[in-house]
Amino acid sequence: MAKYIFITGGVVSSLGKGIATASIGKLLEARGLKVTVIKCDPYINVDPGTMSPYQHGEVYVTTDGAETDLDLGHYERFTNAELGRDNNITTGKVYHSVISKERKGEYLGNTVQVIPHITDEIKSGIRKVAEGKKLDVVLVEIGGTVGDIEGLPFLEAIRQFSIEEGRDNVLFIHLTLIPYIKSAGEMKTKPTQHSVGKLREIGIQPDILLCRAERPLSKEAREKIALFCNVRKETVIQALDVDTVYEVPLIFGKQGLDKVIVKRLGLRSRKGDLTEWKNRVVKRLKHPHYHVKIAVVGKYITLQDAYKSIYEALIHGGIANNARVEILRLDSEKVSREETRELLREVSGILVPGGFGYRGIEGKIRAVKYARENGIPFFGICLGMQTAIIEFARNVCGFEGANSTEFSRKTKYPVISLLEEQKKVKHKGASMRLGAYRCRIKSGTKASAAYKRKEVTERHRHRYEFNNAYKDTMKKSGLVFSGIHPTGSLVEIVELKDHPWFVACQFHPEFQSKPDNAHPLFKHFIKAALAAQ
Ligand code: GLN
């Protein structure tokens, strides 16, 4: 029977609950335990797929084609857990299911209510993930901050859960903030006391407190927190700011967090060993031999999280090449004709990420052109591949005004267009080409040199595709089609022959990259960028 750990957050948001949860998963795996991780999101959207990056940051796509919260990206990067659509439970999904059941008559005779129907649905959603799998621990992160109105049903559900499963099988961890007040020269524990008080009002007594702080907790502060929050001193763990998020499991491990967890849950496991993680990830990240500067030319670069997995995958590519990757975030709307060279002069590689809508497209196309003409390693991802095709069509094939029908319905050269099945789509939610699809790799290409495999599986999130009507002409002009979806002949990877490294793919390789196992395309992109210096 699996044990459950619930992670809540208090005082303020953005304390790094996702990273903390992923790090606990990593620590438990290092003890040989099998874990999975669930994210509960209290918003009413069924999934974040319909939200703008300004609202939500990156939408992370799982193998089974679910559009999920970006925290699932952290979980997959830190642990070996394979996540799918059931690992992200939203208020929208819960209500959708309850209301559908009500319409079918499944609650016939009953008034359908938040308690017990919504809370039951949340609990069964959590249990469903563990069903039929041999798991030791299920970690469940509750999104938002304790005190939020919309989070209440989730908190009530996990309280009930701890009673039903038995208090010895469930652990509550609360991530909180201990601010330092400069003028008083003191660390303040009151917000944490209030936050834990709020949890206790609901009936949840946290077992462990993770305290985010700028400065180390004094002995007194730790004792005070323990006394007033009703926890043992050794379960007050400090979470100081770190240079890299991949260090967090080490910091928690040093304070014995995993030991406390396995003891409290009665889990039998070996001693945790993070030596490999420390040597292969953290040390290399902190003391790299080389340095490389890469431009990411996108529309949402002012947002911290919009290209989260891309930034991480670039860092992983750096780790694999013993290099620190410095990322220059360039707003594609600012890449104007005259300034392109000026803006991109210093970088050794250019990456154009995914995106939607026309804004910023022409800047991306100019960045592609600059990379192609100047032999700068280039990596295009999803919309990045589509802009690379448009650029090639316009400037190499001479198709003036070539475009994607996403941006110009009447273009004379629709080199990127909708598949018939996408033309029929009326609803926006979960209706793109989503999730894992196979891709056959052409031998003798850069893609094949990177993957060293004949076939791979990669995750997708897009509506538009390369228009195969232009394949022969483009081939003749020198574009290499190095990755094709075996059924349906969809173009998945294109590249240039006479260029140091110019590769663009329709899928999102960044979702499969890990710090200790960089995605092959990111690894080779960084390698090419280092060689180009
Ligand atoms: N807007 C493009 C499409 O829908 C690209 C999507 C993306 O980059 N994720 O096909």
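Heads up: these notes are all about the structure in this document. Quantities reported herein were computed from a predicted structural model and do not represent experimental measurements. (Residues numbered from 1 in each chain as written. Predicted model: local features only at pLDDT ≥ 70, side-chain atom pairs only at ≥ 80, totals over all residues. Heavy atoms only, no water.)

**Focus: the pattern of salt bridges**
Alright, step 1. Applying the stated criterion across every chain yields a total of 40 salt bridges.
Alright, step 2. Between Arg31 and Asp258 there is a salt bridge, with its nearest N and O atoms 3.0 Å apart. Taken as a pair, Arg31 in the loop between helix 1 (17-29) and strand 2 (35-41) and Asp258 in helix 10 (residues 257-265) lie far apart in primary sequence, 227 residues in all.
Alright, step 3. Taking relative accessible area as the criterion, Arg31 reaches 9% and is therefore assigned buried.
Alright, step 4. On the accessibility criterion, Asp258 (8% relative accessible area) is buried.
Alright, step 5. The residue Glu333 makes a salt bridge to Arg359 at a minimum N-O spacing of 2.7 Å. Residue Glu333 is found in the loop between strand 13 (323-331) and helix 13 (339-344), and its partner Arg359 is found in the loop between strand 14 (349-352) and helix 14 (361-374); the two are separated by 26 residues along the sequence.
Alright, step 6. Sharing partners across several salt bridges, the network here consists of Asp120, Lys123, Arg127, Glu164 and Glu165. (Salt bridge = Lys/Arg side-chain N within 4 Å of Asp/Glu carboxyl O. Helix = DSSP H or I, 4+ residues; strand = E, 2+ residues; numbered from the N terminus. Buried < 20%, exposed > 50% of the residue type's maximum accessible area, 1.4 Å probe, protein only.)

**Things to note about the layout of surface pockets**
Gaps left between atoms show up when a probe the size of a water molecule is rolled over them.
Alright, step 1. The calculated volume of the second largest pocket comes to roughly 900 Å³.
Alright, step 2. The set of elements that each furnish at least two residues to the lining of the second largest pocket consists of helix 15 (383-395), helix 16 (420-423) and strand 19 (455-462).
Alright, step 3. When its residues are assigned to classes, the lining of the second largest pocket shows 18 nonpolar, 14 polar and 10 charged. (1 Å grid on protein atoms, 1.4 Å probe; cavity = no way out; pocket = protein on both sides within 12 Å on 5 of 7 lines; lining within 4 Å. Points joined across faces, edges and corners; volume = space filled by probe spheres on them. Nonpolar A, V, L, I, M, F, W, Y, C, P; charged D, E, K, R; others polar.)

**Concerning the site of the ligand**
Alright, step 1. Taken together, Gly354, Gly355, Phe356, Cys382, Leu383, Gln386, Glu406, Arg461, His462, Arg463, Tyr464 and His508 make up all the residues around the ligand.
Alright, step 2. Between Glu406 and the ligand, the recorded distance is 2.7 Å, taken from a side-chain N or O atom to a nitrogen atom.
Alright, step 3. Between the ligand and Arg463 there is a distance of 3.1 Å, counted from an oxygen atom to a backbone nitrogen or oxygen.
Alright, step 4. Relative to its unbound accessible surface of 290 Å², the ligand loses 98% to contact with the protein.
Alright, step 5. Here the ligand is seated within the second largest pocket.
Alright, step 6. Taken together, the elements giving at least two residues each to the shell around the ligand come down to helix 15 and strand 19.
Alright, step 7. Tallied by class, residues from the shell around the ligand come to 4 nonpolar, 5 polar and 3 charged. (Near = heavy atom within 4 Å. Polar contact = N/O pair within 3.5 Å; in protein donor to acceptor, adjacent residues only side chain to side chain. Areas by Shrake-Rupley, 256 points an atom, 1.4 Å probe, with all protein chains shown as cover. Sits in = over half its atoms within 2 Å of the grid points.)

**Some points on the pairing of strand 19**
Alright, step 1. Counting buried positions along strand 19 yields 6 of 8 residues, so the element is predominantly enclosed.
Alright, step 2. The pairing of strand 18 (residues 433-441) with strand 19 spans 8 bridges and is classified as antiparallel. Among the inter-strand pairings, Arg433 is bridged to a residue of strand 19, identified as His462. (Pairing = 2+ DSSP bridges.)

**Quick word on the sheet that holds strand 10 (residues 208-213)**
Alright, step 1. Ordered in space as 5-2-6-1-7-10-11, the 7 strands form an open sheet in which the pairing is parallel. Of all the strands in the sheet, the pair left with one neighbour each is strand 5 (88-90) and strand 11 (236-240). Across the sheet, the mean angle separating the axes of adjacent strands is 20° when strand polarity is ignored.
Alright, step 2. Across 5 bridges, the pairing between strand 1 (residues 3-9) and strand 6 (residues 137-142) is parallel. (Axes fitted to C-alpha atoms, helices over the stretch in contact; angles between N-to-C directions.)

**Some remarks on the state of the cysteines**
Alright, step 1. This structure, assessed with the given rule, holds 0 disulfides.
Alright, step 2. Between Cys397, a free cysteine, and Cys505, which holds the nearest cysteine sulfur, the sulfur-to-sulfur gap is 20 Å.
Alright, step 3. A relative accessible area of 17% means that Cys397 is categorised as buried. (Disulfide = S-S within 2.5 Å.)

Note that all results are geometric; they support no functional claim without further evidence.
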